[in-house]
Amino acid sequence: MIVYLNGKFLPIEEANISVLDRGFIFADGVYEVIPAYGGQLFRLSEHLQRLENSLNGIKLSNPLPQQQLVEILEIIVAKNTGDNQSVYLQVTRGPAKRNHNFPEQIVSTVFVMSEELKSLPPSTGVKAITCNDTRWQNCDIKSIALLANILLRRQAVEVGAAEAILIRDDFVMEGAASNVFVVIDGIAITPPKSQFILPGITRDLIIEAMQTAKLPCQEANISIEQLESATEIWVTSSTREILPVIQLDEKIVGTGKPGAVWSQVYKIYQNYKQQLRPNV
Ligand code: PDD
């Protein structure tokens, strides 16, 4: 695997950073995960805009001009194998003497890697659990400080579930690493953007695609009761796309199979991806 680190393209085994990097010491950094289908970076400007917002959120200015960042991402995709890839981009504040306060003058660390994204057959449905959202209050920043998310996902995996759906004050926020949609009375609903959720690129694309296809979709708060009575639940992300949840905690969701609305939206999403490919 060829990665990019601070100006150089090199094999991952040769990529090293200082142990004083504030990313290592404090998780002082932000990241993006960008899929590339058939060599084309998916919804790139949206991902770069979110990166910019995350950097602003941690008072770090983007160390690279946008055009240079795009070139790096494209080179990484070209240098790595896989028709479909998942590109990981991380910017940390960089190395400095350990101090909670960060210095004004510091050289950020920029790291990019990519791994193959295997195309999977349509999901037959997964299990999810509900958990109290134990994260901080700035979940709109795509921070590399993910310990709460990691432990929540682990809680799900330990009971054979694929995702933890996070509840704050009796309302659904998102998944440990995904956004959440529910279907109630045929209408797809996802929580509105706020400081308590990551503004998912997949989420926005689904809303946009459903509007274009004239399928009912709303951004509204979802209570735990609504979650429990939904006929469909989906979790969405760049790497998992749109996963239908067929069991929530101990209860079967809807018919216990991926729902009809999911099926329509899944097809639209696959077509959209397909259109990006060159020579199609
Ligand atoms: N995570 N919410 C959280 C907390 C996430 O970590 C993610 C994605 C999403 C979905 O965002 P998007 O549709 O832009 O991928 C929502 C990535 C995939 C990760 O951390 O690996």
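Values in this document were obtained by computation on a predicted structure and should not be read as measured data. (Residues numbered from 1 in each chain as written. Predicted model: local features only at pLDDT ≥ 70, side-chain atom pairs only at ≥ 80, totals over all residues. Heavy atoms only, no water.)

A.B. asks: Got a minute to help me understand the state of the cysteines in this structure?
C.D. replies: By definition, a disulfide links two cysteine residues through a covalent bond between their sulfur atoms. Enumeration over the complete set of coordinates arrives at zero disulfides. C131 carries a free sulfur, and the closest cysteine sulfur to it, the one in C139, is 14 Å from it. We classify C139 as buried; its relative accessible area is 6%. (Disulfide = S-S within 2.5 Å. Buried < 20%, exposed > 50% of the residue type's maximum accessible area, 1.4 Å probe, protein only.)

A.B. asks: What am I meant to see in the layout of surface pockets here?
C.D. replies: Over the atoms rolls a probe the size of a water molecule, and its path tells where empty space is left. There is about 1,200 Å³ of room inside the largest pocket. Surrounding the largest pocket, 50 residues form its lining, Y31, K142, S143, I144 and L146 being those nearest its centre. Among the residues forming the lining of the largest pocket, the class breakdown is 22 nonpolar, 16 polar and twelve charged. The residues that make up the lining of the largest pocket include at least three from each of domain 1 (2-116) and domain 2 (126-276). Put simply, the second largest pocket is a space of about 440 Å³. Lining the second largest pocket are 21 residues; nearest its centre among them are K118, S119, L120, P121 and E241. Broken down by element, the lining of the second largest pocket gets its largest block of residues, four residues, from helix 7 (residues 260-276). (1 Å grid on protein atoms, 1.4 Å probe; cavity = no way out; pocket = protein on both sides within 12 Å on 5 of 7 lines; lining within 4 Å. Points joined across faces, edges and corners; volume = space filled by probe spheres on them. Nonpolar A, V, L, I, M, F, W, Y, C, P; charged D, E, K, R; others polar. Domains from an automatic or database assignment. Helix = DSSP H or I, 4+ residues; strand = E, 2+ residues; numbered from the N terminus.)

A.B. asks: What exactly am I supposed to notice about the packing of aromatic side chains here?
C.D. replies: Ring pairs (aromatic) are described by centroid distance and by the angle formed between their planes. Enumeration over the complete set of coordinates arrives at seven aromatic pairs. An angle of 75° between the planes, with centres 6.0 Å apart, marks the rings of F42 and Y269 as edge-to-face. Taken together, the residues F42 in the loop between strand 4 (40-41) and helix 2 (44-57) and Y269 in helix 7 connect sequence positions 227 residues apart. By the burial criterion, F42 is buried, and Y269 matches it. Members of the aromatic cluster, joined through ring pairs, are Y37, F42, Y269 and Y272. Looking at K79, its charged tip hangs above the ring of F9, at a distance of 6.0 Å from the centre. When the ring centre of F102 is taken as reference, the NZ or CZ atom of R93 above it lies at 3.6 Å. (Phe/Tyr/Trp six-rings, centres within 6.5 Å; stacked < 30°, edge-to-face > 60°. Lys NZ or Arg CZ within 6 Å of the ring centre and 35° of its normal.)

A.B. asks: I'm lost on the pattern of salt bridges in this one. Help?
C.D. replies: A side chain of one charge can pair with a side chain of the opposite charge if their charged atoms are brought near each other. Overall, the coordinates contain 14 salt bridges when judged by the stated rule. Salt-bridge contacts for R22 lead to D28; the nearest nitrogen and oxygen are separated by 2.7 Å. A relative accessible area of 3% places R22 in the buried class. One salt-bridge network, held together by shared partners, links D133, R135, R168 and E174. (Salt bridge = Lys/Arg side-chain N within 4 Å of Asp/Glu carboxyl O.)

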